[in-house]
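Given next are the chains, with one letter for each unit.
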Amino acid sequence: MSDATAAGAATPAAETGDTILELRNLQKHYGPVQALKPATLAFRRGEIHAIVGENGAGKSTLIKLLTGVIRRTGGDIVWNGSIVALDTPQEAIDHGINAVHQEVVLCRHLSVAANIFLGDEKVRFGLLQKREMTREAQRILDGMGFSLPAGAMLGSLTIGQQQLVATARASLRGTKFLIFDEPTAYLTRQEAAQLFALIRRLRDDGVTIVYISHRMEEVFELADRVSVLRDGTLVGTRNIAETNDTELVAMMINRSIEQIYHKEKVPFGETLLETRGLSGKGFEDVSISVRRGEIVGFYGLIGAGRSEFALSIFGRNPRTSGQILWKGQPVDIRNERQAIRLGIALAPESRRDQGLNLNLPIGLNINLPIYDKLTHGLTISGREEAQRADKQIKDLGIKTPSRRSLASSMSGGNQQKIVIGKWLNHGADLFIFDEPTVGVDVGTKAEIYRLMADLLKNGAGIILISSYLPEVYELADTLHVFRTGHLTGSNAFHEATHEEVLAEAIGV
Amino acid sequence: MTTTTEVASKRAVAARRNYSFLFALTLLALLVLLWAILTFATPNFLTSRNIPNLLRQGSMIAILALGQTFVVITAGIDLSVGAVAGFSTVVIAMLIQAGVPVWLAIIMTLLVGLAIGIFHGFGITRMGLPPFIITLATLTSLRGLGLLMTNGATINITSKEFTDFATLEFLGIPSLFWMVIVVAIPAYIFLSHTRWGRYLFAVGSNAESARLSGVRVQFIIYVAYSLSAVFAAFVGVLLATRIGIGNATQADGWELQAIASTVIGGTSLFGAVGSVHGPLIGAFILATINNGANLLNVNSFWQRIITGLLIILIVFFDQLRRRNK
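All values derive from a computational prediction rather than experimental measurement.

## Topic: the overall build of chain B
Working step 1: Across its full length, chain B carries 13 helices and 4 strands.
Working step 2: Relative to its length of 325 residues, chain B is compact, with a C-alpha radius of gyration of 20 Å against a globular reference of 20 Å.
Working step 3: Seen along its three principal axes, the alpha-carbon backbone of chain B occupies a region of about 75 × 55 × 35 Å.
Working step 4: Here chain B holds 325 residues, and 53% of them are scored as buried.
Working step 5: Within the structure as shown, chain B displays about 14800 Å² of accessible surface, and the carbon and sulfur contribution to it stands at 69%.
Working step 6: Across chain B, the centroid of the 19 positively charged side chains sits 9 Å from that of the 9 negatively charged ones.

The following block contains the structure:
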């Protein structure tokens, strides 16, 4: 425990610090989607301020707003008493606001020293002073307590060590406000300890640290105060000494369930899919089954291995061991076409990267899986092609004037409908929906839930993957929880509480 | 709100359809304008000698550009088409001189082209090489191989039946131009009315999405490069009939003319945008500029500069329009 929190209960040290940055009704919306609802919060000079929340709670939005990556749509950011624009990343850096991101964004082919001095190289007569920079970088790294070679290529270091280099780089140049986004995700215990030591030292030097993490134990070890975000709302701020993990978890999930989760009980039929000890890249030893009429939910944090598992069932990624049974028969699904032929459909996680051909017409997207069926002799029947596309557009209420509109011109909700329409058009027994409601407005969400109910009634089975707990919690007949590639819990409908499920997912 | 976005979107669709139509029309107008200017500028342009000549010259680049278009739609590029055409003149010359019947020699040459295309597909999908690299490698290798096979010499084709073909005319139109039509009609049906055409666009737009929709992405890559190489081999055959020789150094730099024609014709080098008529018109615009410059006694070095400027200009305006939407 740091000195600050030890002194905590009576007068938290942070309370004595004056305000360095203040959010006044700061908000951000993308079209009708509220990513961050009006938030008011004051960060103090020389405090470690943790921010916790589920995926999609608005943490990344907040970071991007503070680092000038995106522009706010309302409210003010007050820096040292005056309102600032923060329109560009450079402006944020000029003020002394810096961030260390989850993924390292440095140049792998340059040396550690070159990365640290990137954009601020030491020159004499227009020539790089390489040796001097290496010596200086080594001095800085040693001073921070990092045992890293300044002359080595960045790419030759582990991801964790690269993260430390990124931290060193970000904490230089008069940084007064430093944001860490899940910095320990790839660090070993020892590296994490080095990082924490540096963070505390920066704090003692008067730097404000914003620390974003899923890991409760780190928050309690490191932070002076903690703020909780939920569904884009800043729920509250606590002094760390006056709260505990139970309260924080409750704040993270205790939401008003305003959305209506449309669920109909459908009698279960035969088992469609069963996996036995399935392993592959990103997941290990996963055994699940899906019956007709059943929604099987996968909950977990991003990167927990749920999507990797789904892609493996769909034949996109190879499995390394274990068995897949389809309708009771062992099958070896080696590619996507085979999975589709068996009767599996996948609405993948990323519409942009996996789900849609954005710069092509909606109609082409919807018909893409069935062009062999539309082909008579050598050519496609244009009339049939149009009919099939128009049917999905009408049935799903895709708001477009024409099937010829480009998929990219549609909103998130309509894009998701195109992805779903593509598979309704093709037909399947097992539908895998990976994060089907991300970036989708409330109205369309309800429509998607209704559609799932219809699919179940028609005898299909569904795997629903979601990082949004209420969604899987209210819809799944069986709820599996993933953490770091493993199944950490399997619960029948409403068998476990929200708190228990979240605990299984983040391993409190 | 819904109605306004709908109206805006409807307008966008209409604008886009009008746009691709207008773009084709603008290109065609540019071609006609060039012809009109040249007709007035020089008495030698609109003659029964020059026009067939121009058509013959443009035809071969047009067919190359058409094959190239399939590849570019998949967001790839084929730098080897000129070399494939040159190499094919050697192959067909050797076959005919060896006494192989002309029809069989043509089929065998096209099969050689197919093999080259399959090799490109293999390099891209199995070896993971960028299209630029693998086709650059065949560009230089095929020139070398062709020279090696002939020991650097030129093979004269003595079959009159074969070399007469290029000089034939049907309905007053040179045979080589008829070949463009013979190739373009199936190409149009293939690109616009078969599933393979749809898949080419899908792969060029987002290969991962296409794959997850059950499209055999690797096979489509093979198809695109095979078509391009077969078209190039076909151009090699036509070139051999025209010049009556087999020589591996022929068709030098034609790959750049083919790519230029494709791009002038509105094909996007980022993939998923392209047509059959675009590269054809593009090829004849380029041919007209070269022909006109010759007739006007413009220094041939200038022709190259003008061609370069034209590419920049047309593609720049096209990008400008796309960006504004």
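## Focus on the sheet that holds strand 24 (residues 478-483) of chain A
Residue and element names in this part refer to chain A.
Working step 1: Judged by pairing direction, the sheet is mixed, and its 6 strands sit side by side in the order 19-22-23-16-24-25 without closing on themselves. The open sheet has two edge strands with one neighbour each: strand 19 (344-347) and strand 25 (486-492). Sheet twist, expressed as the mean angle between neighbouring strand axes with direction ignored, is 15°.
Working step 2: Here strand 16 (residues 295-299) pairs with strand 24 via 4 bridges, running parallel. Directly across from Phe298, in strand 24, lies its bridge partner His480.

## With respect to the sheet that holds strand 4 (residues 74-79) of chain A
All names here are of chain A.
Working step 1: Read across the open sheet, the 4 strands follow the order 2-1-4-5; overall the sheet is antiparallel. Each having just a single partner strand, strand 2 (33-44) and strand 5 (82-84) make up the two edges of the open sheet. If you compare each strand with its neighbour and ignore which way they point, the axes differ by 30° on average.
Working step 2: Sheet analysis places strand 1 (residues 19-30) next to strand 4, joined by 5 bridges and oriented antiparallel. Among the inter-strand pairings, Leu21 is bridged to a residue of strand 4, identified as Trp79.

## Description of the interface of chain A and chain B
Working step 1: In this assembly, 37 residues from chain A lie in contact with 28 residues from chain B.
Working step 2: Regarding the contact of chain A and chain B, the summed buried area is about 2700 Å², with carbon and sulfur atoms giving 54% of it.
Working step 3: Taken together, chain A and chain B are joined by 3 salt bridges.
Working step 4: Close ionic contact of Arg316 of chain A with Glu208 of chain B constitutes a salt bridge, the shortest N to O distance being 2.8 Å.
Working step 5: On inspection of chain A and its partner chain B, the count reaches 17 residue pairs in polar contact (both at pLDDT 80 or more).
Working step 6: Residue assignment for the side of chain A that touches chain B shows that the elements contributing at least two residues are helix 12 (336-342), helix 13 (351-355), helix 15 (371-374), strand 21 (379-380) and helix 17 (412-426) of chain A.

## Notes on the side chain of Asn414 of chain A
Working step 1: Secondary-structure assignment places Asn414 of chain A in helix 17.
Working step 2: Filtering out sequence-adjacent residues up to four positions away, Asn414 of chain A remains in contact with Gly397, Ile398 and Lys399 of chain A.

## Some details on the packing of helix 4 (residues 102-125) of chain B against helix 5 (residues 131-150) of chain B
All names here are of chain B.
Working step 1: The geometry of helix 4 relative to helix 5 is characterised by a closest axis approach of 9 Å and an angle of 140° between their N-to-C directions. Regarding the angle of helix 4 to helix 5, the classification is oblique. As for the relative orientation of helix 4 and helix 5, their crossing is right-handed in sense. Residue-level inspection shows Ile116, Phe119, His120, Gly123 and Ile124 of helix 4 in contact with helix 5, the latter providing Pro131, Ile134, Thr135, Thr138 and Leu142.

## Some details on the packing of helix 4 of chain B against helix 10 (residues 217-243) of chain B
Residue and element names in this part refer to chain B.
Working step 1: Remark: helix 4 packs on helix 10, axes separated minimally by 7 Å, with the N-to-C direction vectors making an angle of 145°. Note on packing geometry: the crossing formed by helix 4 with helix 10 is right-handed.
Working step 2: For the contact of helix 4 with helix 10, the per-class residue count stands at 15 nonpolar, 8 polar and no charged.

## Here we look at a nonpolar patch on the surface
Working step 1: The grouping of Trp302, Ile305, Ile306, Leu309, Ile312, Leu313, Phe316, Phe317 and Leu320 of chain B at the surface amounts to a nonpolar patch, some 890 Å² of accessible area in total.
Working step 2: Along the polypeptide, Leu313 of chain B turns up in helix 13 (residues 300-324).

## Details of the packing of aromatic side chains
Aromatic ring pairs are defined here through the distance separating the ring centres and the angle between the ring planes.
Working step 1: Summed over all chains, the structure comprises 18 aromatic pairs over all chains.
Working step 2: Through pairs of rings, three or more aromatic residues link up here, namely Phe283, Phe298, Phe309 and Phe482 of chain A.
Working step 3: Sitting over the ring of Phe493 of chain A, Lys265 of chain A keeps its end group 6.0 Å from the ring centre.
Working step 4: We note Arg216 of chain B situated over the ring of Phe219 of chain B; from NZ or CZ to the ring centre the distance is 4.8 Å.

## Comments concerning the pairing of strand 9 (residues 177-181) of chain A
For a regular strand, the rule is simple: side chains alternate between the two faces of the sheet.
All names here are of chain A.
Working step 1: Burial runs high along strand 9: 5 of the 5 residues are buried.
Working step 2: Pairing of strand 9 with strand 10 (residues 208-212) involves 5 bridges; the strand directions are parallel. Paired with Ile179 across the strands is Val210, a residue of strand 10.

## Here we look at helix 17 of chain A
Residues and elements named next belong to chain A.
Working step 1: A rise of 1.5 Å per residue sets the reference length of helix 17, with its 15 residues, at 21 Å; its end C-alpha atoms lie 22 Å apart and thus fit the reference within 8%.
Working step 2: Counting buried positions along helix 17 yields 13 of 15 residues, so the element is predominantly enclosed.
Working step 3: A positive phi of about 85° marks Gly427, the residue just after helix 17.

## Describing helix 12 (residues 277-295) of chain B
Residues separated by three or four positions in an α-helix point in the same direction, a consequence of the helix having 3.6 residues per turn.
Residues and elements named next belong to chain B.
Working step 1: Taking 1.5 Å of rise per residue, the 19 residues of helix 12 would be expected to cover 27 Å, and the 27 Å separating its terminal C-alpha atoms lies within 8% of that figure.
Working step 2: The element helix 12 is largely enclosed, with a buried count of 15 among its 19 residues.
Working step 3: Where helix 12 terminates, the next one or two residues include Asn297, which has phi positive at roughly 60°.

## Concerning the side chain of Thr109 of chain B
Residues and elements named next belong to chain B.
Working step 1: The topology assignment puts Thr109 in helix 4.
Working step 2: Its relative accessible area of 0% is what places Thr109 among the buried residues.
Working step 3: Here Thr109 is in contact with Ser88, Val91, Ile92, Leu95, Ala233 and Val237, once residues within four sequence places are set aside.

## Remarks on the pattern of salt bridges
All names here are of chain A.
Working step 1: Going through the model one piece at a time under the given rule, you end up with 29 salt bridges over all chains.
Working step 2: For Lys457, the salt bridge goes to Glu264, with nearest N and O atoms at 3.0 Å. One end of the pair, Lys457, is in helix 18 (residues 442-457); the other, Glu264, is in the loop between helix 10 (245-253) and strand 13 (271-280), with 193 residues separating them in the sequence.
Working step 3: For Glu264, a relative accessible area of 28% puts it in the partly exposed group.
Working step 4: One salt bridge connects Arg292 with Asp429, and the closest N-O pair in it is separated by 3.5 Å. On the criterion of sequence distance, the pair formed by Arg292 in the loop between strand 15 (289-291) and strand 16 and Asp429 in the loop between helix 17 and strand 22 (430-434) is long-range, its members being 137 residues apart.

Reading guide: rules and limits
- Residues numbered from 1 in each chain as written.
- Chains lettered and ligands numbered in written order.
- Predicted model: local features only at pLDDT ≥ 70, side-chain atom pairs only at ≥ 80, totals over all residues.
- Heavy atoms only, no water.
- Helix = DSSP H or I, 4+ residues; strand = E, 2+ residues; numbered from the N terminus.
- Rg over C-alpha atoms; globule rule 2.2 N^0.38 Å.
- Buried < 20%, exposed > 50% of the residue type's maximum accessible area, 1.4 Å probe, protein only.
- Areas by Shrake-Rupley, 256 points an atom, 1.4 Å probe, with all protein chains shown as cover.
- Lys, Arg positive; Asp, Glu negative; His and termini not counted.
- Charge placed at Lys NZ, Arg CZ, Asp CG, Glu CD.
- Pairing = 2+ DSSP bridges.
- Axes fitted to C-alpha atoms, helices over the stretch in contact; angles between N-to-C directions.
- Contact = heavy atoms within 4.5 Å.
- Buried area = accessible area lost by both parts, 1.4 Å probe.
- Salt bridge = Lys/Arg side-chain N within 4 Å of Asp/Glu carboxyl O.
- Polar contact = N/O pair within 3.5 Å; in protein donor to acceptor, adjacent residues only side chain to side chain.
- Parallel < 35°, antiparallel > 145°, perpendicular 65-115°, else oblique.
- Left-handed = near helix turned anticlockwise from the far one by under 90°.
- Nonpolar A, V, L, I, M, F, W, Y, C, P; charged D, E, K, R; others polar.
- Patch = residues over 30% accessible without salt bridge, like charges linked within 9 Å, V, L, I, M, F, W, Y side chains within 5 Å.
- Phe/Tyr/Trp six-rings, centres within 6.5 Å; stacked < 30°, edge-to-face > 60°.
- Lys NZ or Arg CZ within 6 Å of the ring centre and 35° of its normal.
- Expected span 1.5 Å × (residues − 1).

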